[in-house]
Amino acid sequence: MDDNTKNLIQSHIDTNEVCLFMKGTPDAPQCGFSMAISNMLKILEVNYKGVNVLESQSLREGIKEFSDWPTIPQVYIKGEFVGGCDIVKEMYENGELKKVLEDKGINFKN
Amino acid sequence: MAMDLKEIETLIKESISDAIVEIEDLAGDGNHYSATVTSKEFSGKNKIEQHKMVYNSLKGKMGNELHALAIKTKEQ
């Protein structure tokens, strides 16, 4: 991964408390898994930034290396990698996601 | 490119020896699977670490040949 890509990813994570790296945008997701996570965040009324990795091949590959995680979507909350689709979905279903948001001081609809 | 169920199970078991692996072909198309992996080796690890163990067992296939493998891990 080149430095530009790394810096770009880092700045997305630093400037957005909740950052979702996804295929497509929150309004027009291009993959069912990205859509699922995006919808969960919408239901919780979390203010999040959706970063469309399809806009750049270097971003699409770079985020996998950055997080050491082979799949997209990926969720970062306050700079910390929380998980991909399966983990975040499980956390949403068992209430852990709300707990993490609460612990990290992120506003959401309870 | 599709992978067959047996191959996924074999790869996981090679790397996590006590794993109990249940695989479901979600769409019947040989491309959308869900795998539930139960192992003692997951104890003391968080979900991210557990899923990484499964991803590592699949030796780089995740995200490539395997586009759609939903993973669930359980501690035994």
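Residues numbered from 1 in each chain as written. Chains lettered and ligands numbered in written order. Predicted model: local features only at pLDDT ≥ 70, side-chain atom pairs only at ≥ 80, totals over all residues.

**Description of the nonpolar core**
Among soluble globular proteins, nonpolar side chains are generally buried collectively. If you look at the biggest cluster of nonpolar residues, it comprises 27 residues, and the most contacted ones within it are Cys19(A), Leu20(A), Phe21(A) and Val88(A). Secondary-structure elements contributing two or more residues to this core are α1 (3-15), β1 (18-22), α2 (32-43), α3 (57-67), β3 (74-77), α4 (85-94) and α5 (96-103) of chain A. By residue number, the principal contributor to this core is β1(A), which donates five residues. For Phe21(A), the residues in contact, after removing those within four places along its chain, are Val51(A), Val53(A), Ile63(A), Ile72(A), Pro73(A) and Gln74(A). Of all hydrophobic cores here, the second largest spans 14 residues; its members include Ile8(B), Ile12(B), Ala19(B) and Val54(B). (Core = buried A, V, L, I, M, F, W, Y, C linked by C-beta atoms within 7 Å. Buried ≥ 20, exposed ≤ 12 C-beta atoms within 10 Å, placed from the backbone. Helix = DSSP H or I, 4+ residues; strand = E, 2+ residues; numbered from the N terminus. Contact = placed C-beta atoms within 7 Å.)

**Some remarks on the sheet that holds strand β2 (residues 49-52) of chain A**
Residues and elements named next belong to chain A. Strand order in the open sheet made by the four strands is β2-β1-β3-β4, with mixed pairing throughout. Each having just a single partner strand, β2 and β4 (80-84) make up the two edges of the open sheet. Across this sheet, the average inter-strand angle for adjacent strands is 25°, counted without regard to direction. Bridge analysis of β3 against β4 gives four bridges, and the strand direction is antiparallel. Note that in β4 the partner of Tyr76 across the bridge is Phe81. Seen against the sheet, α4 touches β3 and β4 and runs at an angle of roughly 90° to β4. (Pairing = 2+ DSSP bridges. Axes fitted to C-alpha atoms, helices over the stretch in contact; angles between N-to-C directions.)

**A look at α4(A)**
Turning to α4(A), its buried residues number three or more, namely Cys85(A), Asp86(A), Ile87(A), Val88(A) and Met91(A). Two residues or fewer past α4(A), Gly95(A) is found with a positive phi of approximately 90°.

**Structural notes on the interface of chain A and chain B**
Interface size is often expressed as the accessible area that is lost when the parts come together. Between chain A and chain B, the residue contacts involve seven residues of the former and nine residues of the latter. For the side of chain A that touches chain B, the secondary structure elements donating two or more residues are β4 and α4 of chain A.

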